[in-house]
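# Commentary on secondary and tertiary structure
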Amino acid sequence: MKGLTCFFLCFLLTELRGFEIPTNGLSEFADYGDHVELAPGKFQSVPENRRYQEDVDQVTLYSYKVQSTITSRVANTVIQTKVVNHSPKPQNVVFDVQIPKGAFISNFSMTVDGTTFTSSVKEKTVGRALYAQARAKGKTAGLVRSRALDMEDFKTEVSIAPGAKVQFELHYQEVKWRKLGSYEHRLHLKPGRLAKHLEVDVWIIEPQGLRSLHVLDTFDGNFDGVPVVSKGHQKAHVAFKPTVAQQRKCLDCSETMVDGELVVMYDVNREEKVGELQVFNGYFVHFFAPENMDPIPKNILFVIDVSGSMWGIKMKQTVEAMKTILDDLRTEDHFSVVDFNHNVRTWRNDLVSATKTQVADAKKYIEKIQPSGGTNINEALLRAIFILNEANNLGMLDPNSVSLIILVSDGDPTVGELKLSKIQKNVKQNIRDNISLFSLGIGFDVDYDFLKRLSNDNRGIAQRIYGNQDTSVQLKKFYNQVSTPLLRNVQFNYPQESVTDVTQNSFHNYFGGSEIVVAGKVDPEKLGQLQSIITATSANAELVLETLAEMDGLEDFLSKDKHADPDFTKKLWAYLTINQLLAERSLAPTAAVKRKITKTILQMSLDHHIVTPLTAMVIENDAGDERMLADSPPQDHPCCSGALYHGSKVSSNSVPSWVSPSPAPVITMPAVGGRVLESTPPPHVMRVENDPHFIIYLPKSQKNICFNIDSEPGKILNLVSDPELGILVNGQLVGAKKPKNKKLSTYFGKLGFYFQREDVKVEISTESISLSGGSRTSVLSWSDTAHVLNQRVLVSVKKEKTVTITLDKEMFFSVLLHRVWKKHPINVDFLGIYIPPMNKFSPNVHGLIGQFMNEPKIHVFNERPGKDPEKPEASMEVKGQKLVVTRGLQKDYRTDRVFGTDVPCWFVHNSGKGFIDGHYKDYFVPQLYSFLRR
């Protein structure tokens, strides 16, 4: 499991201030290894180029401590924070912690001005009933899911009196899975401001012994010598302890450089035996990861996304990596290549042997790929599954071989089946049990959670490559690990008289670099010598492998270390069992079976005091008259990432009336909800609606001119491009589910706004809204009502209706969300965009809409009956050309979101030819944040 953890403290103050970022130090290293080494890096001062306030903090982050203890791959993490209110007024303090999806929260407590609140785990309905009886005043708690970051967000907000102190403490546990040859523990450090004391400690205790351990340099070399690594034979300690001076971006700055991840990578010793069996406190755990075995022949389908978003360096690096990968295939392997955008193509419709001739031909094929169009993941995967199934049915495959699919993609589906759960279901129903699906997600905007579920459901794993990494190197590394099957049909057999309740992670084939983990209960009185008999198929023959438990000395070893967790076997067993039962519950064939599984999960959750989808955490004071509730997260609900901020209220004239202003607090980056006031928008704006219809209002002529753009899914159109001011608006098209009257309609499914001078990007899709500035990103759901402020850019969200973007109270853009019936056979959700005519742009502004900010002269004359009696025709002179235009009606949905308001306009045919400069294809751009090249 990838343990990604983010820590944030959020402060809502009564005056608007610049946000600051802190970091702190670590507890002292104390005799924990044979040698000490400094993690690589280079300390440097970063020039301050952001505005900030140097006032004395009204709220002080006194201490911030994080401690992770990993015992035999079971990680326990504690986050503790102390805050003091120096303000003469009450202040809201928000404790916002991000933890990895799949981790279990086990405890939370806080002390507010001497009053202590503790937690207990209850069945969900019981917890909600207790909460309803005594809701805490001025205090809230919650647990929500962040799909984009593969995280869950635990958040508590309290109001504290002047001079008061508050302390928060959160505990959670997770299991480290061996992935690509090592274990990875991530702590995302983003405290948001300078801290007086910061301590981050990672303690690792592995009875097998540590083969390797290192800390990645994830802070761009800014902390040379600050992470201190001490490593012994079986134990290690990592400490991160920057001083306040080291935290500062510059000597006079109040902002911090600590804004990233502390990543610890390690692996354990693996002797010639085939596994490690550990028994402790009535439970056993078996780690199975043999090495130095000959690979099994493989049948491999490469499924490569070649949509428009892969254009440029991503596609170039993917092609280079694929050429190297193809060279690594052995002659006994079989393969083919599927590439897809809105269409699906295959290099070969059947699997072929990896001969030199076939490999050379495949390399020529992928070299000619030109990215374009949309993304049809569903059809591409079903095509790959069909090829493997057919090969199996025809007896073409070696019975001892392993079949796998490797999917490489950088985006969500935009064509064909768009519902992610339906794609998962389609794959699950068609893929055979002997096929593994591995996924590689490229870039920041890829739905990694979807790829992870897709792979986990089908005996594989997923890996993510961020946009700032070398795609070629990472893809080759990923392939080398996941494409090395060593054993298939792995089965574990334990003596039934001494072992019960055995559970394991979902692998049935063993790939080099991964690990199979089995856990269960043991009867100490009948134990004797625990033995595991493992049967599997290797490259050459059936194997029978034997593993004996290593019990001698384990208890003594763990008892001598104060950081070791004596319950690691029990926790690992509970973790595996609950996750397995949750998966079985979702697939239960009858209601009776589901009830039985539910009862077991609930009892285990209560026994082990962990929050699962069936439980909730009740947080209450000693008297029991003030309570908060932290429910388990809703599925796939994107959430904002936290940060430290100062906030204030926005005056009603900060946003014009037509974009629906709100009295909600405005903050820097994180989101705070608020009631939105209704208002009447002005009639005259430039707008794009439906599939897509452009309505251009020309103020001097007082006329609306309309045109349509008929393009294809996946294409990105430039709407506004002003390189001189550094302002950009682009829209990416998404297709209907199927053609209507032989025509496939397209709509705007994603809009990108880029404010170059502020280094702020806003991405709006039908699923979520994200605001990124520098290294910070805030993600909101359409179910939120909130304001987010970064630099001079204000983003206002009105729940399930509109998003308004305001730049410095001068430029305004409004986006409307159009939801359709999910089961509609043709239509899909889409976005509309509204921009008032403004003289704030430079004279060189261009784009499909931007060019009309400098209004052209038009003359409409000779109005006459048209072919349709209700649509008269006229002649229009514009830009030196004479056009025939038709009178018609388009829709404005700002006041009537269902039926819209009719807007009369003169319609220009042939995709606006003659009215817009050049051809509409001249406005295609390769990326969502690419300026228009003229």
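Higher on the page you've got the structure.
The present account deals with the structure reproduced in this document. (Residues numbered from 1 in each chain as written. Predicted model: local features only at pLDDT ≥ 70, side-chain atom pairs only at ≥ 80, totals over all residues. Heavy atoms only, no water.)

## Topic: the overall build of the chain
This is how the line gets drawn: For the purposes of this entry, the term helix denotes a DSSP run of H or I that reaches at least four residues, the term strand denotes a run of E that reaches at least two, and both are numbered from the N terminus. Each residue is placed in one exposure class: buried if its accessible area under a 1.4 Å probe, protein chains only, is under 20% of its type's maximum, exposed if it is over 50%, and partly exposed if it falls in between. Residue contacts are counted whenever heavy atoms from the two residues lie within 4.5 Å of one another. The protein chains shown are the only cover counted for residues, whose accessible areas, like all others here, come from Shrake-Rupley with a 1.4 Å probe.
Per the secondary structure count, the chain includes 13 helices and 54 strands. Counting all 934 residues of the chain, 59% fall into the buried class. Across the chain, the fraction of contacts at a sequence separation of at least 24, relative to all contacts at a separation of at least 6, is 71%. Surface exposure of the chain reaches about 37,800 Å², of which carbon and sulfur atoms provide 48%.

## Overview of the packing of helix H6 (residues 420–430) against helix H7 (residues 448–456)
How we decide: Only the stretch in contact is used when a helix axis is fitted, and all axes are lines through C-alpha atoms; the angle between N-to-C directions ranges over 0 to 180 degrees. To sort the angles, those under 35 degrees are grouped as roughly parallel, those over 145 as roughly antiparallel, those from 65 to 115 as roughly perpendicular, and the leftovers as oblique. The hand of a helix crossing depends on one turn: near helix anticlockwise from the far one by less than a right angle means left-handed, and clockwise means right-handed. Nonpolar residues are Ala, Val, Leu, Ile, Met, Phe, Trp, Tyr, Cys and Pro. Charged residues are Asp, Glu, Lys and Arg, and all others, Gly as well, are polar.
Remark: H6 packs on H7, axes separated minimally by 10 Å, with the N-to-C direction vectors making an angle of 20°. By the angle between their directions, the pair H6 and H7 is classed as roughly parallel. Between H6 and H7 lies a crossing of right-handed hand. For the pair formed by H6 and H7, the contact residues are Leu420, Ile423, Gln424 and Val427 on the first element and Phe450, Arg453 and Leu454 on the second. For the contact of H6 with H7, a count of residues per class yields five nonpolar, one polar and one charged.

## Digging into a positive patch on the surface
Our working definition: Each patch is built from residues that are more than 30% exposed by relative accessible area and take part in no salt bridge. Like charges join if they lie within 9 Å; nonpolar side chains (Val, Leu, Ile, Met, Phe, Trp, Tyr) join within 5 Å. Here a salt bridge means any side-chain nitrogen of Lys or Arg lying within 4 Å of a carboxyl oxygen belonging to Asp or Glu. As used throughout, the charge tally considers Lys and Arg to be positive and Asp and Glu to be negative, leaving His and the chain termini uncounted. Every charge is mapped onto a representative atom, which is NZ of Lys, CZ of Arg, CG of Asp or CD of Glu.
Residues Lys419, Lys422, Lys425, Lys737, Lys822 and Lys823 make up a contiguous surface patch of positive charge. With respect to the helices and strands, Lys822 occurs in the loop between strand S49 (811–818) and strand S50 (830–835). A relative accessible area of 70% places Lys822 in the exposed class.

## Things to note about unusual backbone geometry
Positive phi, close to 50°, is recorded for Asp113, a residue that is not glycine. Its identity is not glycine, yet Gln702 carries a phi of approximately 55°, on the positive side. With respect to the secondary-structure elements, Gln702 resides in the loop between strand S38 (693–698) and strand S39 (703–708). The exposure class of Gln702 is exposed, given its relative accessible area of 64%.

## With respect to H7
Along an α-helix, residues three or four positions apart point the same way, because every turn accommodates 3.6 residues. Burial analysis of H7 places eight of its nine residues in the buried class, the great majority of the element. Where H7 is concerned, the buried positions are Tyr448, Asp449, Phe450, Leu451, Lys452, Arg453, Leu454 and Ser455. Buried residues in H7 make contact with helix H5 (377–393), strand S23 (402–409), H6, strand S24 (435–442) and strand S25 (462–465).

## Here's the deal with the pattern of salt bridges
Applying the stated criterion to the full structure yields 27 salt bridges. Linking Arg186 and Glu261 is a salt bridge whose minimum nitrogen-to-oxygen distance equals 2.2 Å. One end of the pair, Arg186, is in strand S11 (residues 183–189); the other, Glu261, is in strand S16 (residues 260–268), with 75 residues separating them in the sequence. Both residues of the pair, Arg186 and Glu261, belong to the buried class.

## Overview of the nonpolar core
The nonpolar side chains of a soluble globular protein tend to be buried with one another. Counted only if it meets this: Residues grouped as a nonpolar core are buried Ala, Val, Leu, Ile, Met, Phe, Trp, Tyr and Cys residues, joined through side-chain atoms within 4.5 Å.
With 63 residues, the main nonpolar core has Leu719, Phe753, Ile764, Ile805, Ile849 and Phe915 as its most contacted residues. Setting aside residues up to four positions removed in sequence, Ile764 forms contacts with Gly749, Lys750, Leu751, Phe753, Ile769, Trp782, Val803, Ile805, Val815 and Leu831. Membership of the second largest hydrophobic core comes to 56 residues, among which are Phe117, Phe168, Leu189 and Leu210.

## Things to note about the state of the cysteines
By definition, a disulfide links the sulfur atoms of two cysteines through a covalent bond. Just so we agree on the cut-off: Two cysteine sulfur atoms form a disulfide, by the criterion used here, when they sit within 2.5 Å.
Within this structure, the stated rule accounts for one disulfide. Between the sulfur atoms of Cys706 and its disulfide partner Cys905 the distance amounts to 1.8 Å. Disulfide Cys706-Cys905: torsion about the S-S bond near -135°, hence left-handed. You can see Cys706 sitting in strand S39 and its partner Cys905 sitting in strand S54 (residues 901–908), a full 199 residues away along the chain. Taking the relative accessible area as the measure of exposure, Cys905 reaches 1% and is therefore buried.

## Considering the packing of aromatic side chains
Centre-to-centre distance and the angle between the planes together describe a pair of aromatic rings. Spelled out, the test is: For Phe, Tyr and Trp, where Trp contributes only its six-membered ring, two rings pair if their centres lie within 6.5 Å, and the inter-plane angle classes them as stacked under 30 degrees, edge-to-face over 60, or tilted in between.
According to the stated counting rule, one finds 17 aromatic pairs in the structure shown. Aromatic side chains Trp177 and Tyr575 sit 6.5 Å apart centroid to centroid with 55° between the ring planes, which places their arrangement in the tilted category. Here Tyr575 lies in helix H11 (residues 568–586) and Trp177 lies in the loop between strand S10 (165–175) and S11, a separation of 398 residues in the sequence. Like Tyr575, Trp177 is buried. Both rings, one in Tyr754 and one in Phe931, keep their centres 6.1 Å apart while their planes meet at 50°; by these two values the pair is tilted. Linking Tyr754 in strand S42 (residues 746–755) with Phe931 in the segment after helix H13 (909–912), this pair joins segments that are 177 residues apart in sequence. The exposure class of Tyr754 is buried, given its relative accessible area of 13%. Grouping aromatic residues by their ring pairs yields a cluster made of Phe694, Phe707, Phe852 and Phe915.

## Looking at H11
Just so we agree on the cut-off: To estimate how far a helix should extend, the number of its residues minus one is multiplied by 1.5 Å.
The terminal C-alpha atoms of H11, which comprises 19 residues, lie 27 Å apart, in line with the 27 Å expected from a rise of 1.5 Å per residue. Within H11, the full set of buried residues consists of Phe568, Thr569, Leu572, Trp573, Ala574, Tyr575, Leu576, Thr577, Ile578 and Leu581.

## Focus: the pairing of strand S4 (residues 74–85)
Rules: At least two bridges found by DSSP between two strands is the condition for calling them paired.
The element S4 is extensively covered by neighbouring structure, given that 10 of its 12 residues are classed as buried. Pairing geometry for strand S3 (residues 59–71) and S4, over 12 bridges, is antiparallel. Opposite Thr71, over in S4, you have Val74 as the bridge partner.

All we've got here are geometric facts, nothing functional implied.
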